[in-house]
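Observations on the model geometry
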Amino acid sequence: MTIDYQKGRVFHTTLGFDTKAFECVGFVTTLLRGTGWATTGKVTIDFPATNKVSTREFKRKQ
């Protein structure tokens with residue numbers, strides 16, 4: 001969800017509540033696109049290919 005708020009912008013997502021979501025490249029891309037839009041007003045990252053599932057291992061910093 002995106003919202004124009006006064007002179008700023010808000011990006012909000014309900015996705016990403018567990019470690020598995022952080023491994024999904026689609027979620028990571030959505031998060032990066034949303035935060036990029038909120039800070040600059042521009043979206044510069046493309047989504048990965050739609051014909052396959054892309055994941056990466058999530059490692060939490062200790």
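Data block above holds the structure.
This text gives an overview of the structure that appears in the document. (Residues numbered from 1 in each chain as written. Predicted model: local features only at pLDDT ≥ 70, side-chain atom pairs only at ≥ 80, totals over all residues. Heavy atoms only, no water.)

Some details on the overall build of the protein
For the protein, the helix and strand inventory stands at two helices and two strands. When the elements of the protein are put in sequence order from the N terminus, they spell out β-β-α-α. Over its C-alpha trace the protein gives a radius of gyration of 13 Å, far above what one expects of a compact globule, namely 11 Å for 62 residues. Each principal axis of the C-alpha distribution contributes one length, and for the protein these read about 40 × 30 × 20 Å. Counting the 62 residues in the protein, one finds 16% classified as buried. For the protein, long-range pairs separated by at least 24 residues make up 45% of all intrachain contacts whose partners lie at least 6 apart in sequence. Surface exposure of the protein reaches about 5400 Å², of which carbon and sulfur atoms provide 55%. Charged side chains in the protein number 10 positive and 5 negative. The centres of these two groups are separated by 6 Å. (Helix = DSSP H or I, 4+ residues; strand = E, 2+ residues; numbered from the N terminus. Rg over C-alpha atoms; globule rule 2.2 N^0.38 Å. Buried < 20%, exposed > 50% of the residue type's maximum accessible area, 1.4 Å probe, protein only. Contact = heavy atoms within 4.5 Å. Areas by Shrake-Rupley, 256 points an atom, 1.4 Å probe, with all protein chains shown as cover. Lys, Arg positive; Asp, Glu negative; His and termini not counted. Charge placed at Lys NZ, Arg CZ, Asp CG, Glu CD.)

Topic: the side chain of Glu23
You can see Glu23 is positioned in helix H1 (residues 19-23). Excluding residues that lie within four positions of it along the chain, Glu23 makes contacts with Ser54, Thr55, Arg56, Glu57 and Phe58.

Structural notes on the packing of aromatic side chains
Within the structure shown, the criterion is met by one aromatic pair. Ring centres 5.8 Å apart and planes at 55° place the aromatic pair Phe22 and Phe27 in the tilted group. The ring centre of Trp37 lies 5.7 Å from the NZ or CZ of Arg9, which sits over that ring. (Phe/Tyr/Trp six-rings, centres within 6.5 Å; stacked < 30°, edge-to-face > 60°. Lys NZ or Arg CZ within 6 Å of the ring centre and 35° of its normal.)

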